[in-house]
Protein chains: 2
Amino acid sequence: MSDSAKAAAGKRFTVDTEGLDWRRREPVPLPTTLVAAKRAFYERGFHGTSIRDIASRAGVSLPTLYYHHDNKLGILVELLEAAMTSVLAWVGAAIEEGRTPSEKLSNAIESIVLHMTSDLELASVASEFRHLDPEDPRREPYIAMRTETENMLADVIQAGLDSGEFRFDQDVKDVLRYLFGACQAVTTWYRPSGARTPAEVAASYASIALRVVGAQDTNNND
Amino acid sequence: MSDSAKAAAGKRFTVDTEGLDWRRREPVPLPTTLVAAKRAFYERGFHGTSIRDIASRAGVSLPTLYYHHDNKLGILVELLEAAMTSVLAWVGAAIEEGRTPSEKLSNAIESIVLHMTSDLELASVASEFRHLDPEDPRREPYIAMRTETENMLADVIQAGLDSGEFRFDQDVKDVLRYLFGACQAVTTWYRPSGARTPAEVAASYASIALRVVGAQDTNNND
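What counts, and at which threshold
Residues numbered from 1 in each chain as written. Chains lettered and ligands numbered in written order. Predicted model: local features only at pLDDT ≥ 70, side-chain atom pairs only at ≥ 80, totals over all residues. Heavy atoms only, no water. Least-squares fit on C-alpha atoms with pLDDT ≥ 70 in both. Contact = heavy atoms within 4.5 Å. Phe/Tyr/Trp six-rings, centres within 6.5 Å; stacked < 30°, edge-to-face > 60°. Lys NZ or Arg CZ within 6 Å of the ring centre and 35° of its normal. Core = buried A, V, L, I, M, F, W, Y, C linked by side-chain atoms within 4.5 Å. Buried < 20%, exposed > 50% of the residue type's maximum accessible area, 1.4 Å probe, protein only. UniProt positions renumbered as here; feature names shortened; annotations may be inferred. Helix = DSSP H or I, 4+ residues; strand = E, 2+ residues; numbered from the N terminus. Buried area = accessible area lost by both parts, 1.4 Å probe. Salt bridge = Lys/Arg side-chain N within 4 Å of Asp/Glu carboxyl O. Polar contact = N/O pair within 3.5 Å; in protein donor to acceptor, adjacent residues only side chain to side chain. Nonpolar A, V, L, I, M, F, W, Y, C, P; charged D, E, K, R; others polar.

An unreviewed UniProt entry lists chain A under the name Putative TetR family transcriptional regulator, with Gordonia namibiensis NBRC 108229 given as the organism.

See the structure below:
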């Protein structure tokens, strides 16, 4: 793949899931400046954060920051891409591991919820996506990866419908939006200090997702 | 009720649902300054908005703004209370109208989704709640109303479990959080110009909610 094709596909960050357990998730590894940025955006929002705040939190000078990044919007784009690259890779690995549509969906939802709980700050950046101008071409790699993730899930749900394993009246797209919305909302209430462990939340959301798609046999027959 | 008791109960805004159809919802009536504030918070976030922005959008001077409101945090509190007062009143009316736990839950979810779609800007303010200091006593009326709303829903869900109409393994609290999360996420993707009408989205979410609680007979037997 050429460098330009890689950039177009939004693969500036890569996640190699080969041989790794998708259930054991850590915060996505990021350079110091992006760690500072995700924290600042999480605490004060995109508009409440200045490029100066980011440089100061990262302990670098403004010229150094500008050497590595375009501007504040560019940093947002990099964070969105890092988050979505990670989601795409891990959801792919989680789906791969399932044998039936139910197992695949359950794994995928677990994986998405673990993304939210393992890196709350990065996962919350998704809510700042709307600050990107609809005409901004830098949205494209993020959207392409988001669409790819949605399509993987849509295929799993469609397979479940086709086999009679899943049953519901809504469009697959509407059900997907519901599932993603519920998962994304985890970032609004989940706190690492809370009563539920990431694994508990993930398992609970996976089990509810099977009811959302009207799975006829929600017990995994291991 | 004394003025202080009213303030404590967060009844600065009142919504009289008597004789009104909870399915026909309009944006919550607010003074000009609060309309300006909800727009500004929606577009630029709480931290990205200055008190000067709000005054300028509302077409009033800073002294006039300060005559009516404490400060930016005070304005956020007023918006949160206005939103939650409306939710509480309309969800109450919607539950009242249902005869069975399934009908009550379905109505409640419809009502909550209509809150999101009929006043996207006000409904989105909920995501700014985390900017209030945990020690800030002004959080209390909002939290009290939110808890009251959650309790109404919890009672409906518990009644459904008790009668065998609903079946699931999770805690009622976890299921409630899931349902509220999915509904709140409507503000992140719903746009009035989109393909789905508010009534369609609301009906779809109500129907999915019945699957989330494992309702045994999801057809309303009218």
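Here the narrative resumes, following the displayed structure.
It is worth spelling out the relation of the copies chain A and chain B at this point. Rotating chain A by 180 degrees and moving it 0.0 Å along the rotation axis overlays it on chain B with an RMSD of 0.0 Å. With respect to symmetry, the two chain copies, as superposed, fit the operation of a two-fold axis. Comparing interface residues between copies, 93% of those in chain A also lie at the interface in chain B; the contact surface is shared.

Within the structure shown, the criterion is met by nine aromatic pairs over all chains. Put simply, the rings of Tyr178(A), Tyr205(A), Tyr178(B) and Tyr205(B) pair up and form one aromatic cluster. In this structure, Arg130(A) packs its charged tip against the face of Tyr42(B), placed 5.1 Å from the ring centre. Residue placement shows Arg177(A) over the ring face of Trp189(B); its charged tip is 3.8 Å from the ring centre.

Okay, the nonpolar core next. Counting 135 residues, the largest nonpolar core has Leu105(A), Ile157(A), Leu179(A), Leu105(B), Ile157(B) and Leu179(B) as the members making the most contacts within it. Sequence-distant contacts of Ile157(A), defined by excluding residues within four places in its chain, comprise Leu105(A), Phe166(A), Phe168(A), Val172(A), Val175(A), Leu176(A), Leu179(A) and Val213(A).

Let us now look at the UniProt feature "domain: HTH tetR-type" (unreviewed entry) in chain A. The UniProt entry lists residues 27-87 of chain A under the feature "domain: HTH tetR-type" (unreviewed entry), expressed in the numbering used here. Helix makes up 72% of residues 27-87 of chain A and strand makes up 0%, while its end C-alpha atoms are separated by 12 Å.

A few words now on the interface of chain A and chain B. Interfaces are often sized by the amount of accessible area the parts lose when they come together. Listed by partner, the interface residues are 30 residues for chain A and 28 residues for chain B. With both chains or domains summed, chain A and chain B bury close to 2700 Å², and 50% of this area falls on carbon and sulfur atoms. At the junction of chain A and chain B, the tally comes to four salt bridges. Note that Asp174(B) and Arg196(A) form a salt bridge whose closest N and O atoms lie 2.9 Å from each other. For the pair chain A and chain B, the interface holds 12 residue pairs in polar contact (both at pLDDT 80 or more). Looking at which element gives the most residues to the side of chain A that touches chain B, the answer is helix 9 (residues 172-184) of chain A, with seven residues. The class makeup of the residues in the side of chain A that touches chain B is 11 nonpolar, eight polar and 11 charged.

Moving on: the environment of Arg23(A). All names here are of chain A. Along the chain, the position of Arg-23 falls in the loop between helix 1 (3-8) and helix 2 (32-44). Residue class for Arg-23 comes out partly exposed when judged on its relative accessible area of 37%. Filtering out sequence-adjacent residues up to four positions away, Arg-23 remains in contact with Glu-97, Asn-107, Glu-110 and Leu-114. Among the polar contacts listed, one links the side chain of Arg-23 to the side chain of Asn-107, at a separation of 3.5 Å. There is a polar contact of 3.2 Å between the side chain of Arg-23 and the side chain of Glu-110.

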